[in-house]
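# Examining the three-dimensional arrangement
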There are 2 protein chains.
Amino acid sequence: MESLPQMAVSFISFPSPRVINAGKSQHNEDQACCEVVVVERSSDVAPRASPEDTEGQGRKDLCFHYWGLFDGHAGSGAAVMASKLLHLHIRNQLRDLVDILQDASSPPICLQSDPRVLPTDRNRAPLAEEDAEFLNDALPRFHLEKAVSCESLVIGAIENAFQQMDEQIERERTTRLVAGGCCALAVVYLLGKFYVANAGDSRAIIIRNGEIIPMSREFTPETERQRLQFLGFLRPELLGNEFTHLEFPRRIQHKELGKKMLYRDQNMNGWAYKRIEEDDLKFPLIYGEGKKARVMATIGVTRGLGDHDLKVYNSNIHIKPFLSCVPEVRVYDLTQYEHCPDDVLVLGTDGLWDVTSDREVADVVMEALMGCEPNDPSRYTLVAHELVVRSRGVLKDRGWRLANDKLASGDDISVFVIPLGGPGNDT
Amino acid sequence: MESLPQMAVSFISFPSPRVINAGKSQHNEDQACCEVVVVERSSDVAPRASPEDTEGQGRKDLCFHYWGLFDGHAGSGAAVMASKLLHLHIRNQLRDLVDILQDASSPPICLQSDPRVLPTDRNRAPLAEEDAEFLNDALPRFHLEKAVSCESLVIGAIENAFQQMDEQIERERTTRLVAGGCCALAVVYLLGKFYVANAGDSRAIIIRNGEIIPMSREFTPETERQRLQFLGFLRPELLGNEFTHLEFPRRIQHKELGKKMLYRDQNMNGWAYKRIEEDDLKFPLIYGEGKKARVMATIGVTRGLGDHDLKVYNSNIHIKPFLSCVPEVRVYDLTQYEHCPDDVLVLGTDGLWDVTSDREVADVVMEALMGCEPNDPSRYTLVAHELVVRSRGVLKDRGWRLANDKLASGDDISVFVIPLGGPGNDT
């Protein structure tokens, strides 16, 4: 398989043992993982080619490079577990696809089954005759048949791996004492393409020739307002008679009943006035702005892993139905562009991005890389370190401060800097 | 108020009385409307300024320019009704906002009520004391208060007007014999900004200095797959035991039970394999590709007005819960750019866009306008006519054909060409 040139450690996390977090937690709730993962064929899928082919000059094993950042909250349990296991779930999801992804032809719509695996339908006559007739997917039998790309199979595999990971956390959270939840940002490099999967408010950008290419978007109460309101509207029982799915620009006072106030519902992007009724005095499902926006006054991110026990304070209302474990996956085809050694993919938890803009990150990266020898394998580690140190700031009388004296991040900060080009990347 | 220079008729629809539609319908199901609408103050909102102010040099009446395109299906009833009434619903929604939109300060979060309008809460003591204390919105009383722009109030007004229009069609469809449904594309020009509201598969683009700026997106079973699947997943009873919310790339045969086939659910953008179960043999909620994609094998658009009686063929399953009447509203601030007389906003029903690309439309517009005198008021009408004639094609032995001999549109075609600049537009 194609390989990336510089797999040197480019991950830096703050707080490290040398420094203490700026007041938020004594322990780092950020976790990370960086692996090269080998994918073995699924045993219940018949190989597409003859056995001779797969052993001889035929298809090679599949493997992928993997980076994961997990920003925990309410404990590091979910982040620790996900950092140890998410890539294995991705591997499992890819096992059906080992041959398919390395085949030049389109993926088959229906797989040949291993004869040992029986259909689940027990009401039918034995399938002997039909089983013998293998589907020939090369010849479409139906007028209407959607073409599905290999790329979309990898996206589907990653999406389902997040779901499997979340279900495992749910199953094992009591026996393995898995506390809290985590945002998850995972990158898979497979067959020449980066798949950047994000569930939460971590972020990824590519810096190519000084240009910034966003590779993720954040999932917060504000960006996902309409999805959450739609769910609250369709399933009002999830709101526990405490919350309204409507949004208001501020809390309503009881004496404002009957007055007209601005609101918006699950269908609206704009705002309009409505006459306040008793029901509108409930707390809004989505409330607050920016970093202070919350779902049910409880949590500021809307996607991630874990949080199965999270409830509204002093109530029996579960938050989880509103949180999604599904990532958005963006694809970057490394083969479509020329890359120089200074082109990188930067992954960071919100501790980085809250105090350092995309442009500032790009400037730091370019400046720091220019100060190193192009062939120095530690140059990306140095850049990651630089990004963390700048965002952490310096402890002054009035707390941690950035170089411009603005408030520095009080949050955990973790950064990956992954090189996209340079010597060795054309193999 | 600011005014647009050239309100000359720039609307052309095909088929006109002179030509017969190319086989689809004898009658044009497209409808259109172009109006200047005056908005009167709502009577139950107290004026923000003193009466002297509003009569003297104070605020002027509010009025807006309006263009609407309504592409009917299963009859022209809904399209006709919407073309006659949607702008009046928009006017009604704007009535609360007449003073607010013309005030330089931020919109008030809570309106002063007219004392004649009583609160709906009947369980409370009389409100005399609290009523006397008018809310002073200039001074935020709460730490947390979201700023809401005038622009977002207009967006909210248009969104709610579409909803009101849809509800009116539902109420009066039997008494007024309103058949079918329609896609709706409406443009409001108010206080220097264009608000382009789209619900369906009509489209709007701005052509500025040869550059194309999309002002809408289409709502079809493919673009709205996840919203529809999410609804089917949360409310399976709406699928009437006939449909599955999962998508498959083709119909599944009964003998494929137990095999692994590609699918995707409401959470997935990618595809994955699943073992086929009995339930998967139901017809997919979303099926088909491109112009042939359908919701419940019935309809190829997912937003619009009407369709309250639409059912799956030979069943009692209603389509409407999956169709949305909510438009997406995009805003274009005319004051932010310099415009020349050849810059236009083009609105068209799908009959135009199915056979003519954005680039082709822009080329026809630029070429046709260059052939006219810049001051000729009929030049935009001529352009609209040219766009319709080209997309309609010419009747040959093998049906209606474009100039390049490709199949021309067999659909109704309607086009507005609205000038953005030129002499008179700086008033």
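Here is what the cut-offs are and how they apply
Residues numbered from 1 in each chain as written. Chains lettered and ligands numbered in written order. Predicted model: local features only at pLDDT ≥ 70, side-chain atom pairs only at ≥ 80, totals over all residues. Heavy atoms only, no water. Pairing = 2+ DSSP bridges. Helix = DSSP H or I, 4+ residues; strand = E, 2+ residues; numbered from the N terminus. Least-squares fit on C-alpha atoms with pLDDT ≥ 70 in both. Contact = heavy atoms within 4.5 Å. pLDDT = per-residue confidence, 0-100. Phe/Tyr/Trp six-rings, centres within 6.5 Å; stacked < 30°, edge-to-face > 60°. Buried < 20%, exposed > 50% of the residue type's maximum accessible area, 1.4 Å probe, protein only. Lys NZ or Arg CZ within 6 Å of the ring centre and 35° of its normal. Expected span 1.5 Å × (residues − 1). Bend = angle between axes of the 7 residues up to and from the residue. Axes fitted to C-alpha atoms, helices over the stretch in contact; angles between N-to-C directions. Parallel < 35°, antiparallel > 145°, perpendicular 65-115°, else oblique. Left-handed = near helix turned anticlockwise from the far one by under 90°. Nonpolar A, V, L, I, M, F, W, Y, C, P; charged D, E, K, R; others polar.

Further remarks concern the sheet that holds strand S10 (residues 260-263) of chain B. Ordered by their spatial adjacency, three strands build an open sheet running S4(A)-S10(B)-S11(B), and the pairing between neighbours is antiparallel. Either end of the sheet is taken by a strand with one partner, and the two such strands are strand S4 (110-111) of chain A together with strand S11 (272-275) of chain B.

Moving on: the relation of the copies chain B and chain A. For the pair chain B and chain A, the relating rotation is 180 degrees, the translation along its axis is 0.0 Å, and the fit reaches an RMSD of 0.0 Å. The transformation just described matches what one would write down for a two-fold rotation axis. Minimal C-alpha separation from the rotation axis in chain B is found for Leu234(B), amounting to 3.9 Å. A shared binding surface is used by both copies, with 100% of the interface residues of chain B retained as interface residues in chain A.

Okay, the confidence of the model for chain A next. The predicted coordinates ought not to be read in detail in places where the model reports low pLDDT. Residues and elements named next belong to chain A. Per-residue confidence for chain A averages 84 on the pLDDT scale, and 81% of its residues sit at or above 70. Below pLDDT 50 for its whole length, residues 1-9 participates in 35 contacts with residues either more than four positions away or in separate chains. Here residues 16-23 scores under 50 on pLDDT; set against residues more than four positions off or in separate chains, the count is 15 contacts. What the predictor reports for the complex is a pTM of 0.86 with an ipTM of 0.85.

Now for the packing of aromatic side chains. Under the definition given, this model contains twelve aromatic pairs over all chains. Geometrically, the ring pair formed by Tyr189(B) and Phe194(B) is tilted, given 4.8 Å between the ring centres and 45 degrees between the ring planes. For the residue pair Tyr189(B) and Phe194(B), the accessibility class agrees, reading buried in each case. Ring centres of Phe243(B) and Phe283(B) lie 6.0 Å apart, and the angle between their planes is 85 degrees; this geometry places the pair in the edge-to-face category. Taken together, the positions of Phe243(B) in strand S9 (residues 243-244) and Phe283(B) in strand S12 (residues 283-284) put the pair 40 residues apart, joining distant regions of the chain. A single burial state applies to Phe243(B) and to Phe283(B), both of which are buried. A network of ring pairs unites the aromatic residues Trp67(A), Tyr189(A) and Phe194(A) as a single cluster. The ring of Tyr337(A) has Arg208(A) sitting right over it, with the charged end atom 3.9 Å from the ring centre. If you follow Arg303(B) out to its NZ or CZ, it ends over the ring of Phe219(B), 4.1 Å from the centre.

Before going further, it helps to spend a moment on the pairing of strand S5 (residues 181-190) of chain B. All names here are of chain B. The buried fraction of S5 is high, at ten of ten residues. In S5, alternate side chains face the same way, and those of Gly-181, Cys-183, Leu-185, Val-187 and Tyr-189 on one face and Cys-182, Ala-184, Ala-186, Val-188 and Leu-190 on the other are all buried. Inspection of the sheet shows S5 paired to strand S15 (residues 305-306) by two bridges, in the antiparallel sense. Within S15, the position partnered with Cys-182 by the bridge is Leu-305. As paired strands, S5 and strand S6 (residues 193-199) are joined by seven bridges and run antiparallel to one another. Its bridge partner being in S6, Leu-190 is matched across the sheet by Lys-193.

All names here are of chain A. The end-to-end C-alpha separation of helix H2 (residues 77-94) is 26 Å, in line with the 26 Å expected for 18 residues at 1.5 Å each. At Leu-85, H2 shows its strongest bend, of approximately 40 degrees. All of the buried residues in H2 are Gly-77, Ala-78, Ala-79, Met-81, Ala-82, Ser-83, Leu-85, Leu-86, His-87, His-89, Ile-90 and Leu-94. The elements touched by buried residues of H2 are strand S2 (30-39), strand S3 (62-73), helix H3 (98-101), helix H5 (150-172), strand S5 (181-190) and strand S15 (305-306).

A word on the packing of H2(A) against H5(A). All names here are of chain A. One way to put it is that H2 packs onto H5 with a least axis distance of 8 Å and a crossing angle of 135 degrees. As far as their axial angle goes, H5 and H2 are oblique. Crossing handedness for the pair H2 and H5: right-handed. Listed contacts from H5 to Ala-78, Met-81, Ala-82, Leu-85, Leu-86, His-89, Ile-90, Gln-93 and Leu-94 of H2 are Ala-157, Ile-158, Asn-160, Ala-161, Phe-162, Gln-164, Met-165, Gln-168, Ile-169 and Glu-172. When grouped by side-chain class, the residues that make up the contact of H2 with H5 number 13 nonpolar, five polar and one charged.

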